[in-house]
Amino acid sequence: MDNAQLDAWTIWEHEKTLEKLQQSYKCKEFRKDLKRGWGFKCSNCDVKVSSKTHHEYWGVTGFTISLLQQPVPDIYRFCSKECGDVIYDRLYQKHLNEIELIKQKYC
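Definitions and cut-offs
Residues numbered from 1 in each chain as written. Predicted model: local features only at pLDDT ≥ 70, side-chain atom pairs only at ≥ 80, totals over all residues. Heavy atoms only, no water. Patch = residues over 30% accessible without salt bridge, like charges linked within 9 Å, V, L, I, M, F, W, Y side chains within 5 Å. Areas by Shrake-Rupley, 256 points an atom, 1.4 Å probe, with all protein chains shown as cover. Salt bridge = Lys/Arg side-chain N within 4 Å of Asp/Glu carboxyl O. Lys, Arg positive; Asp, Glu negative; His and termini not counted. Charge placed at Lys NZ, Arg CZ, Asp CG, Glu CD. Helix = DSSP H or I, 4+ residues; strand = E, 2+ residues; numbered from the N terminus. Buried < 20%, exposed > 50% of the residue type's maximum accessible area, 1.4 Å probe, protein only. Contact = heavy atoms within 4.5 Å. Phe/Tyr/Trp six-rings, centres within 6.5 Å; stacked < 30°, edge-to-face > 60°.

Got a sec to walk through a positive patch on the surface? Specific residues and values, please.
A contiguous patch of positive charge on the surface is contributed by R36, K41, K48 and K52. Take R36: it is sitting in the loop between β1 (26-29) and β2 (39-41). Judged by its relative accessible area of 72%, R36 falls in the exposed class.

For the side chain of D7, give the residues involved together with the corresponding values.
Residue position: D7 is located in helix α1 (residues 3-24). Among residues more than four places away in sequence, those in contact with D7 are I102, K105 and Y106.

Would you mind going over the packing of aromatic side chains in detail, with residue names and values included?
Under the criterion given, the structure shown has 10 aromatic pairs. For the pair Y25 and W58, a centre-to-centre distance of 5.5 Å together with 45° between the ring planes defines the contact as tilted. With a gap of 33 residues between them, Y25 in the loop between α1 and β1 and W58 in strand β4 (residues 56-64) connect regions that are remote in the sequence. W58 matches Y25 in its accessibility class, with the two residues each being buried.

As structure tokens, this is what we get:
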């Protein structure tokens, strides 16, 4: 595989990751049928979010790109859409920047 093919493959992986980010970023409701509550700390502000105190939360699954292996999911959970937007925008922009850097090599 030459460098141009490798770059094309890398761009394709980043574009697929962007699609997965868009699909996975959404509001989720805590299940009410659980016997025990569960919770987490917001990935952005570290506020404790619990099924006992909150009705819903936001989540996104990012992916770490690896050429020789399957993409590894990074799961982020947030207390609100505002907190989620911070990380989501950062992840999205990171992949757009990587695509742009590769494309600039050929201009």
